[in-house]
Amino acid sequence: MADAFDLVVIGAGPGGYECAIKAAQLGLKVACVEKRDRLGGTCLNVGCIPSKALLHASELFHEAGANFADMGIEVSKPKLNLKQMLAFKDEAIDGNTKGIEFLFKKNKIEWVKGEGQIEGPGKVKVGDRTLEAKNIVIATGSDVAKLPGVDIDEKTVVSSTGALELGKVPGKLLVVGGGVIGLELGSVWGRLGAEVTVVEFLDNILPGMDGEVVKNFTRTLKKQGFSFKLGTKVTKVEKQKSGLKVTVEPAKGGDAEELEADIVLVSIGRAPYTEGLGLDKVGIATDKRGRIEVDASLKTSADGIYAIGDVIAGPMLAHKAMEEGVALAERLAGHYGAVNYDVIPGVVYTSPEVASVGKTEEQLKEAGIEYNSGKFPFTANGRAKANKTTEGFVKILADKKTDRVLGVHIIGVNAGEMIAEAAIAMELSASSEDIARMCFAHPTMSEAVKEAALAVTGAPIHM
Ligand code: FAD
Ligand code: NAI
C-alpha cells in the first residue's frame, strides 16, 4: 500500500529530519510530514542557521570598522548594505534547507507536505491522505513564548523571527529576556549600530550557565555597549506616534519606569508546539509546561508513538533533538541507541563565544560533589596573543577523588569549536590528567584546554 510506512515522523526540524534519515539508512520505509514550505524546521529556517549567518556577517562588519587598521589593513569606514546582508542570510537558509531535501530524496524518504494530525494509533492524517505507520515520531518542535499583554506584530514588537529580518537598523533595541536569543540577536543589531538594552527578570543573564563565566561575559557585553536592566520585568509595551513606550518594574516589586525603544524583541524562551496534533485522540500526556511526556525510551503514553526534540523536556537545542532522533531511529530499527544527557554542549555564538558542557560549579556545590578546578586565561595563550583575541578563559572542573572531568566552561573566540574537545573527553570518561597528557597543536587557542587541565591538579606551563 502506497500510504503504509514503517515510520511516520511529524515535523522536519533537526530532530525529525535526522530521525527520518537514520531510520531510512537502516532500511525502514519512512515518511516525514512537514507543513512549512521548506524542510529543516525552526533551526534551518528561523533559528540556528539564519542567526549564525547574521552573527558572522555583522561580526566581520564590526571587525572591519574597529580592528582591521591595527593589523595594517586600511579600509575606509565600512558601509552597511543591510538588504545584501539579509540576502546573504537567506542564501544560507536556502542552501541548508535544499540540502535536507536532497538527503530526503537520496534516502527515499517521502516528504508529505501539510499539517499532520494523529487520528488514532498508527494513523496520521495529512489533508485528505491517511498515512498508516507502525511507529509515529512527534518532532513538532517549539514556538515563541508569549509575554502576557504584549502583542508581537513582527514589525516593531518582534520575536526572533522578526528580528532576523528588520528592514533597518533600529536606533534603540529593547530586548526582553537576557537568554541566548536576546544576547545573540542583540549582538547582531548592536554591531550594526543599534543601542541595545536588555531587560532580564532574574538577577543575571544566561541563567543556568557557570556563574564565573556569566560575570565575565556580562562585563564584556557591557564594554561592547550593551545596557542591562537585571531583576526587572516588562509590564507594558505601548505603540506611540513614533516608537514604543516600554514600562518596566523591578521583578521583586517597586516603582515603574518608562523606556523608549524603536524595536522590542521578545525572547523570554520557547514553548512546545503541539497545536492541532490531536494528542487527545490517543491520550498522550503533557506536563504542566505543555511538553509531551516520554519515558527513557522516548515513548509517549500511547503505544507506538514517540516524541523528541523541543516538544519534550530538556535543553531546547538542535543537537539534543538530533541525538534523540538518531537514537530513536536506531532502536526502532532494532539496533542499540542512547543519548547521554550529561554531555550535551551549549554554545552562545556571541563575540567572544561562550561554551559549556557538563556541570557548573553551582550545580556541583548544590549536589555536594567535591571537585578541583583548573583555569587558564587566553591572555597567556600564544595564538590568542598573536591574534589579539585574549579575552576569556577555559575552566575545567574535575572530581576531587577520581579526577574525572565533570564540566568544562569556556569564554573566548572559537569556544564553540573548542568545547567539542571537552565533550569527547567527557564522553570517554577522561580525567583532567588524560587531557593534560595529550599533545595539542601549537599555536592554537585549544592549548588553553590542555593548560586548564594541567591547572586542575598541578600547574600550567605558561603561567
Ligand atoms: P523544530 O526545529 O521546531 O521543527 C519542528 C517542525 O515541525 C517545524 O518545521 C514545524 O513546521 C513542524 N510542525 C509542527 N507541527 C506540525 C504538524 N502538525 N504537521 C507538520 N509539521 C509540523 N539551537 C542550537 O542548538 N544552536 C543554535 O545556534 C540555535 N540557534 C537558535 C536561534 C534561534 C533564533 C532560535 C529560535 C532557535 C535556535 N536554536 C538553536 C534552537 C533550535 O532551533 C531548536 O532547538 C531546534 O530547532 C529543535 O528542533 P526540533 O526538531 O525539535 O523542532
Ligand atoms: P532562554 O530560555 O535562553 O532565555 C530567556 C530569558 O528570558 C531568561 O534569561 C529568562 O530569565 C528571561 N525571562 C523570562 N521571562 C521574562 C520576563 N517576563 N521578563 C524579562 N525576562 C524574562 O530563551 P530564548 O533566549 O528565548 O531562547 C529560546 C531557546 O532557543 C533556548 O532554549 C535556547 O536553548 C534556544 N537557542 C539556542 C541558541 C544556541 O544554542 N546558540 C541560540 C538561540 C536560541
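Refer to the structure printed above.
Asker: Help me understand the packing of helix 3 (residues 48-66) against helix 4 (residues 82-106), please; the structure alone is not making it clear to me.
Answerer: A pair of packed helices is characterised by two quantities: the angle between their axes and the separation of those axes. With their axes 9 Å apart at the nearest point, helix 3 and helix 4 run at an angle of 145° to one another. Pair helix 3 / helix 4 crosses with right-handed handedness. Residues Ile49, Pro50, Ala53, Leu54, His56, Ala57, Ser58 and Phe61 of helix 3 pack against Met85, Leu86, Phe88, Lys89, Ala92, Ile93 and Asn96 of helix 4. Along the lines of polarity and charge, the residues of the contact of helix 3 with helix 4 split into 11 nonpolar, 3 polar and 1 charged.

Asker: Hey, could you run me through the nonpolar core in this one?
Answerer: Most often, soluble globular proteins have nonpolar side chains that are buried together. Of all hydrophobic cores here, the largest spans 52 residues; its most connected members are Val9, Val30, Phe104, Val137 and Ile138. Looking at this core element by element, the count peaks at 6 residues for helix 1 (residues 14-25). Residues within four places of Ile138 in sequence aside, it is in contact with Ile10, Ile118, Leu277, Leu279, Ile284, Ile292, Ile305, Tyr306, Ala307, Ile308 and Val311. Membership of the second largest hydrophobic core comes to 36 residues, among which are Phe61, Leu166, Leu183 and Ile205.

Asker: What is the right way to look at the site of ligand 1 in this model?
Answerer: Around ligand 1, a shell composed of 38 residues is seen, among which Glu34, Thr42, Lys52, Gly116 and Ala318 lie nearest. A distance of 2.6 Å separates an oxygen atom of ligand 1 from a polar atom in the side chain of Lys52. Residue His319 places a side-chain N or O atom 3.3 Å away from an oxygen atom belonging to ligand 1. In isolation ligand 1 offers 1,000 Å² of accessible surface; the protein chains occlude 94% of this area. Looking at the shell around ligand 1, the elements with two or more residues in it are helix 1, strand 2 (30-34), helix 2 (41-46), helix 3 and helix 9 (318-332). When residues in the shell around ligand 1 are grouped by element, the largest group, 4 residues, is from helix 2. Residue composition of the shell around ligand 1, by class: 15 nonpolar, 16 polar and 7 charged.

Asker: Whenever I open this one, the sheet that holds strand 18 (residues 346-348) confuses me. Can you help?
Answerer: Strands in a sheet are paired, the pairing made by backbone hydrogen bonds, and the direction either parallel or antiparallel. Ordered in space as 18-19-22-21-20, the 5 strands form an open sheet in which the pairing is antiparallel. Across the chains shown, the open sheet's two edge strands, defined by having one partner strand only, are strand 18 and strand 20 (371-377). Adjacent strand axes in the sheet meet at a mean angle of 10° when their direction is disregarded.

Asker: Could you clarify how one ought to interpret the packing of aromatic side chains in this entry?
Answerer: The geometry of an aromatic ring pair is captured by two quantities: the separation of the ring centres and the angle between the planes. Taken as a whole and assessed by the stated rule, the structure comprises 1 aromatic pair. Note that Lys113 overlies the ring of Trp111, its terminal NZ or CZ placed 4.4 Å from the centroid. For Lys375, the ring lying beneath its charged end belongs to Phe393, and the centroid distance is 4.5 Å.

Asker: What is the right way to read the layout of surface pockets from this model?
Answerer: To locate leftover empty space, one rolls a probe as large as a water molecule over the atoms. Estimates place the volume of the second largest pocket at around 1,200 Å³. Lining the second largest pocket are 39 residues, and of these Glu59, Glu63, Ser351, Thr389 and Val413 lie nearest its centre. Every element with two or more residues in the lining of the second largest pocket is listed here: helix 3, helix 6 (180-191), strand 10 (195-199), helix 11 (382-387) and helix 12 (415-427). A total of 8 residues in the lining of the second largest pocket trace back to one element, the largest contributor, which is helix 3. Of the residues belonging to the lining of the second largest pocket, the class tally is 13 nonpolar, 15 polar and 11 charged.

Asker: I tried to follow empty space enclosed by the protein on my own but got confused; where do I start?
Answerer: The full count for this structure, using the stated rule, is 1 cavity of 30 Å³ or more. Roughly 40 Å³ of volume is contained in the largest cavity. Lining the largest cavity are Val144, Ser160, Ile181, Val266, Ser267, Ile268, Gly269 and Arg270. A per-class count over the lining of the largest cavity returns 4 nonpolar, 3 polar and 1 charged.

Asker: Even after reading the chapter, I still don't get the pattern of salt bridges, so can you show me in this structure?
Answerer: A side chain with one charge can pair with a side chain of the opposite charge if their charged atoms come near. Applying the stated criterion across every chain yields a total of 25 salt bridges. With its nearest N and O atoms 2.8 Å apart, the salt bridge here joins Asp6 to Lys134. Separated by 128 residues along the polypeptide, Asp6 in strand 1 (residues 4-10) and Lys134 in strand 6 (residues 129-138) bring together distant segments of the chain. Here Asp6 falls in the buried class, since its relative accessible area comes to 19%. With a closest N to O distance of 3.0 Å, Asp90 and Lys89 form a salt bridge. With a relative accessible area of 37%, Asp90 lands in the partly exposed category. Take Lys89: its relative accessible area is 2%, and that puts it in the buried class. Taken together, the shared-partner salt bridges in this structure form one network comprising Asp210, Glu212, Glu361, Lys365, Lys375 and Lys395.

Cut-offs and rules
- Residues numbered from 1 in each chain as written.
- Chains lettered and ligands numbered in written order.
- Predicted model: local features only at pLDDT ≥ 70, side-chain atom pairs only at ≥ 80, totals over all residues.
- Heavy atoms only, no water.
- Axes fitted to C-alpha atoms, helices over the stretch in contact; angles between N-to-C directions.
- Helix = DSSP H or I, 4+ residues; strand = E, 2+ residues; numbered from the N terminus.
- Left-handed = near helix turned anticlockwise from the far one by under 90°.
- Contact = heavy atoms within 4.5 Å.
- Nonpolar A, V, L, I, M, F, W, Y, C, P; charged D, E, K, R; others polar.
- Core = buried A, V, L, I, M, F, W, Y, C linked by side-chain atoms within 4.5 Å.
- Buried < 20%, exposed > 50% of the residue type's maximum accessible area, 1.4 Å probe, protein only.
- Near = heavy atom within 4 Å.
- Polar contact = N/O pair within 3.5 Å; in protein donor to acceptor, adjacent residues only side chain to side chain.
- Areas by Shrake-Rupley, 256 points an atom, 1.4 Å probe, with all protein chains shown as cover.
- Pairing = 2+ DSSP bridges.
- Phe/Tyr/Trp six-rings, centres within 6.5 Å; stacked < 30°, edge-to-face > 60°.
- Lys NZ or Arg CZ within 6 Å of the ring centre and 35° of its normal.
- 1 Å grid on protein atoms, 1.4 Å probe; cavity = no way out; pocket = protein on both sides within 12 Å on 5 of 7 lines; lining within 4 Å.
- Points joined across faces, edges and corners; volume = space filled by probe spheres on them.
- Salt bridge = Lys/Arg side-chain N within 4 Å of Asp/Glu carboxyl O.

Function cannot be read off these values alone, since they describe shape.
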